[in-house]
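Spelled out, the chains give:
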Amino acid sequence: MNINVEIQENEQFVKSKIGGEIDAYTAPQVREALSPFAVKSNIHLTIDLTDVSYMDSTGLGVFVGLFKSIRANDGQLVLTGLSERLKRLFDITGLADIMDINSEVEGGV
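Analysis parameters
Residues numbered from 1 in each chain as written. Predicted model: local features only at pLDDT ≥ 70, side-chain atom pairs only at ≥ 80, totals over all residues. Heavy atoms only, no water. Helix = DSSP H or I, 4+ residues; strand = E, 2+ residues; numbered from the N terminus. Pairing = 2+ DSSP bridges. Core = buried A, V, L, I, M, F, W, Y, C linked by side-chain atoms within 4.5 Å. Buried < 20%, exposed > 50% of the residue type's maximum accessible area, 1.4 Å probe, protein only. Axes fitted to C-alpha atoms, helices over the stretch in contact; angles between N-to-C directions. Contact = heavy atoms within 4.5 Å. Parallel < 35°, antiparallel > 145°, perpendicular 65-115°, else oblique. Nonpolar A, V, L, I, M, F, W, Y, C, P; charged D, E, K, R; others polar.

A.B. asks: Just to check I follow, could you spell out the environment of Leu-82 for this structure?
C.D. replies: Position of Leu-82 among the secondary structure elements: in the loop between β4 (76–80) and α3 (84–93). Separated by 19 residues in sequence, Leu-82 and Ile-101 place their C-alpha atoms 7.9 Å apart.

A.B. asks: What's the story with the pairing of strand β1 (residues 3–10) in this structure? I'm lost.
C.D. replies: Sheet topology places β1 next to strand β2 (residues 13–22); 8 bridges connect them, and they run antiparallel. Across the sheet, residue Ile-7 finds its bridge partner in β2, namely Ser-16. Taken together, β1 and the strand that follows it, β2, pair antiparallel across an intervening segment of 2 residues, in which Glu-11 is found at a positive phi of about 55°.

A.B. asks: In this structure, what is going on with the nonpolar core? I would like to understand it.
C.D. replies: Side chains of a nonpolar character, in soluble globular proteins, are inclined to be buried together. Grouped together as the largest cluster of nonpolar side chains are 29 residues, with contacts concentrated most on Ile-18, Ile-47, Leu-49, Phe-63, Leu-79 and Phe-90. Sorting the residues of this core by element identifies β2, α1 (27–38), β3 (44–55), α2 (57–72), β4 and α3 as the ones contributing at least two each. In terms of residue count, the dominant contributor to this core is α2 (6 residues).

A.B. asks: Quick question: what am I supposed to make of unusual backbone geometry here?
C.D. replies: The backbone phi angle of Glu-11 is positive, close to 55°, even though this residue is not glycine. Tracing the backbone through its elements, the reader meets Glu-11 in the loop between β1 and β2. The exposed category is assigned to Glu-11, whose relative accessible area is 67%. Backbone geometry at Asp-74 places phi at a positive 60°, although glycine is not the residue there. Taking relative accessible area as the criterion, Asp-74 reaches 60% and is therefore assigned exposed.

A.B. asks: I keep staring at the sheet that holds β2 and nothing clicks. Help me out?
C.D. replies: Strand pairing within a sheet occurs via backbone hydrogen bonds; the two strands may be parallel or antiparallel. On the basis of which strands lie adjacent, the open sheet formed by 5 strands has the order β1-β2-β3-β4-β5 and mixed pairing. Looking at which strands have only one partner, the edges of the open sheet turn out to be β1 and β5 (100–102). The sheet shows a mean angle of 20° between the axes of neighbouring strands, taken without regard to direction. Sheet strands touched by α1: β1, β2 and β3. Its angle to β1, the strand with the most contacts, is close to 5°. With respect to the sheet, α3 is in contact with β3, β4 and β5, its orientation differing from that of β3 by roughly 110°.

A.B. asks: So what exactly am I meant to see when it comes to the packing of α1 against α2 here?
C.D. replies: Helix packing for two helices is described by the angle between their axes and how far apart those axes are. One way to put it is that α1 packs onto α2 with a least axis distance of 10 Å and a crossing angle of 5°. With respect to each other, α1 and α2 are oriented roughly parallel. Within the contact between the two elements, α1 uses Ala-27, Val-30, Arg-31, Leu-34, Ser-35 and Ala-38 and α2 uses Thr-58, Gly-59, Val-62, Leu-66, Ser-69 and Ile-70. Class assignment of the residues belonging to the contact of α1 with α2 gives a composition of 7 nonpolar, 4 polar and 1 charged.

Structure representation (structure tokens):
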């Protein structure tokens with residue numbers, strides 16, 4: 001399985017675009033690419049999931065971990081570009097109620 005994680009960083013603002021499937025095999029790569037930003041203070045991390053075709057519970061776990069770490073460091077995590085399938089996954093798990101999820105892709109870094 002292939003996963004592509006692009007990152008643009010501009011001081012406290014980080015924008016990432018992920019493409020592919022986020023599952024048990026690729027989730028560690030996503031976590032490794034994004035976790036360095038989770039420990040920075042006051043970071044604003046926006047992740048565009050437009051090109052994510054599939055995500056399982058392992059992928060959800062990556063985003064929950066990022067969310068907790070970023071929040072603990074007074075930062076903000078925003079997920080954008082969720083397909084109906086991904087949005088439903090976040091709705092069913094209740095994560096849509098606590099995380100900033102936006103189906104529209106927002107402006108750049």
